[in-house]
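Letter by letter, the chains look like this.
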Amino acid sequence: MREGSDPGVVPERASFEDFYRKDYQAVVGLAYALSGSRWLAEDLAQEAFLAAHRNWPRVSAYDQPGAWVRRVVANLSVSAFRRRMVEAKALVRLGVGDRRGLPELLPEDVEFWDAVRSLPRRQSQVVALHYLEDLPVADVATILDMAPGTVKKHLFDGRRGLARRLRTEEDET
């Protein structure tokens, strides 16, 4: 596992500041993978850490406070996606809205993360946590509060969906 991406095992009630410094980049990365927007990812991460800070006496007592923050980010990303869909539909009705990808990403990266975000919500969350943060199934299960077998099923279905989508897009080009 990469340094700083351990889902928040915090030694003996560490300070919030230490926890924040340790997990911030990984949580922003997860939020980015789930949202597709650097700015939204930072907002989602800040909102999740703010919730952790407000509840730090309780959250710091958890075995893995980072898992709690990642679950908050995963849930917030779903809400943000729903809001963005409503906004996009409204803009289409108004005939406005030029949406551009992030220029610093390679085309295959944009295509891949678009495909991940097109998966059903839980599949995209599991795929992002497992592959982006290099987390084992057990840690993903803890973060998303689901059984390891359920995580494995979502990973299997997500991989199959990605393969189908990416293969289809390759065939079209």
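The rules behind these values
Numbering of residues starts from 1 in each chain and follows the order in which that chain's sequence is written. Since the coordinates come from a predicted model, pLDDT governs what is reported: local features require at least 70, and pairs of side-chain atoms require 80 or more to be given and counted, while whole-chain, interface and lining totals use all residues. Only hydrogens and water are set aside; all other atoms, that is, all heavy atoms of the structure, feed into the side-chain values. The helix and strand labels rest on DSSP assignments: H or I over at least four residues marks a helix, E over at least two residues marks a strand, and numbering proceeds from the N terminus. We get accessible surface area from the Shrake-Rupley algorithm with a probe of 1.4 Å; when it comes to residues, only the shown protein chains can shield them. When the centres of two rings from Phe, Tyr and Trp lie within 6.5 Å, Trp using its six-membered ring, the rings pair. Their planes under 30 degrees apart give stacked, over 60 give edge-to-face, and anything left gives tilted. Burial status follows relative accessibility: with a 1.4 Å probe on protein chains alone, a residue under 20% of its type maximum counts as buried, one over 50% as exposed, and anything between as partly exposed. Buried Ala, Val, Leu, Ile, Met, Phe, Trp, Tyr and Cys residues that are joined via side-chain atoms within 4.5 Å together make up what is termed a nonpolar core.

Q: Provide a residue-level description of the overall build of the protein chain, including the pertinent values.
A: Broken down by element type, the protein chain carries eight helices and zero strands. Secondary structure of the protein chain in N-to-C order comes out as α-α-α-α-α-α-α-α. Of the roughly 10100 Å² of accessible surface on the protein chain, 54% is carried by carbon and sulfur atoms.

Q: Before we move on, can you summarise the packing of aromatic side chains with the specific residues and values?
A: Using the criterion set out here, one finds ten aromatic pairs in the structure. Ring geometry for Phe16 and Trp56: centres 5.3 Å apart, planes at 80°, overall edge-to-face. Remark: Trp56 occurs in helix H3 (residues 56-59) and Phe16 occurs in helix H1 (residues 16-35); sequence separation between them is 40 residues. The burial state of Phe16 is the same as that of Trp56; both residues are buried.

Q: Report on the nonpolar core, specifying residues and quantitative values.
A: Membership of the largest hydrophobic core comes to 46 residues, with the highest contact counts inside it found for Val69, Leu144 and Val151. Broken down by secondary-structure element, the contributors of at least two residues to this core are H1, helix H2 (38-54), H3, helix H4 (65-94), helix H5 (107-118), helix H6 (121-132), helix H7 (137-144) and helix H8 (148-172). The leading source of residues in this core is H1, at ten residues.

Honestly, that's just the spatial picture; any functional story needs more than this.
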